Amino acid sequence: MANILIIDDSPTDVRVFTTLLERAGYKVDSVGNAEEGIERVRSDKPNLVIMDVIMPGMNGFQATRTLTRDPATSGIPIVMITTKSMETDRVWGLRQGARAFITKPVNEKDLLACINDLLPSAA
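Definitions and limits used
- Residues numbered from 1 in each chain as written.
- Predicted model: local features only at pLDDT ≥ 70, side-chain atom pairs only at ≥ 80, totals over all residues.
- Heavy atoms only, no water.
- Helix = DSSP H or I, 4+ residues; strand = E, 2+ residues; numbered from the N terminus.
- Rg over C-alpha atoms; globule rule 2.2 N^0.38 Å.
- Core = buried A, V, L, I, M, F, W, Y, C linked by side-chain atoms within 4.5 Å.
- Buried < 20%, exposed > 50% of the residue type's maximum accessible area, 1.4 Å probe, protein only.
- Expected span 1.5 Å × (residues − 1).
- Contact = heavy atoms within 4.5 Å.

## Here we look at the overall build of the protein
Then, number 1: Each helix and strand counted, the protein has five helices and five strands in total.
Then, number 2: Along the protein, helices (α) and strands (β) appear in the sequence β-α-β-α-β-α-β-α-β-α when read from the amino end.
Then, number 3: In terms of overall size, the protein behaves like a compact globule, its C-alpha atoms giving a radius of gyration of 13 Å where 123 residues would be expected to give roughly 14 Å.
Then, number 4: Across its three principal directions, the C-alpha atoms of the protein cover 30 × 30 × 25 Å.

Listed below in structure tokens is the structure:
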């Protein structure tokens, strides 16, 4: 069973994603800010990270860049999920190292397909 860490400051989004992912057979953990998320990724080494962009303190772009440039965590795929829907945001997120960029509201089928593509043997 793959472990997924959600880094998002919205309790509602965390609950929705957790329910969806657990129903699909994933083990899910979550943290409410980027700084704590970076530490959790470094300590727990999840199979995949779901990263919000807009958070207090460090934003998801900065956290993604930090994780993807750290040799200890660079192999962990990051899926950015955000309300930021401009093409420049998507391009910037992917340039920071995210493997996928999904705009809220999230389509359940699309999210699961994305995760399954990034973790083909882990589900």
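## Looking at the nonpolar core
Then, number 1: Counting 20 residues, the largest nonpolar core has Leu21, Tyr26, Ile50 and Ile115 as its most contacted members.
Then, number 2: Listing elements by their share of this core, those giving two or more residues are strand E1 (3–7), helix H1 (11–23), strand E3 (48–51), strand E4 (78–82), strand E5 (100–103) and helix H5 (108–118).
Then, number 3: Listed in part, the 18 residues of the second largest apolar core include Met51, Val53, Phe61 and Phe101.

## Description of H1
Then, number 1: Taking 1.5 Å per residue, 13 residues should reach 18 Å; H1 reaches 18 Å between its end C-alpha atoms and fits that length.
Then, number 2: Listing the buried residues of H1 in full gives Asp13, Val14, Phe17, Thr18, Leu20 and Leu21.
Then, number 3: Those residues of H1 that are buried lie in contact with E1, strand E2 (27–31), E3, E4 and H5.

So far we have only geometry, and geometry alone does not tell us how the molecule works.
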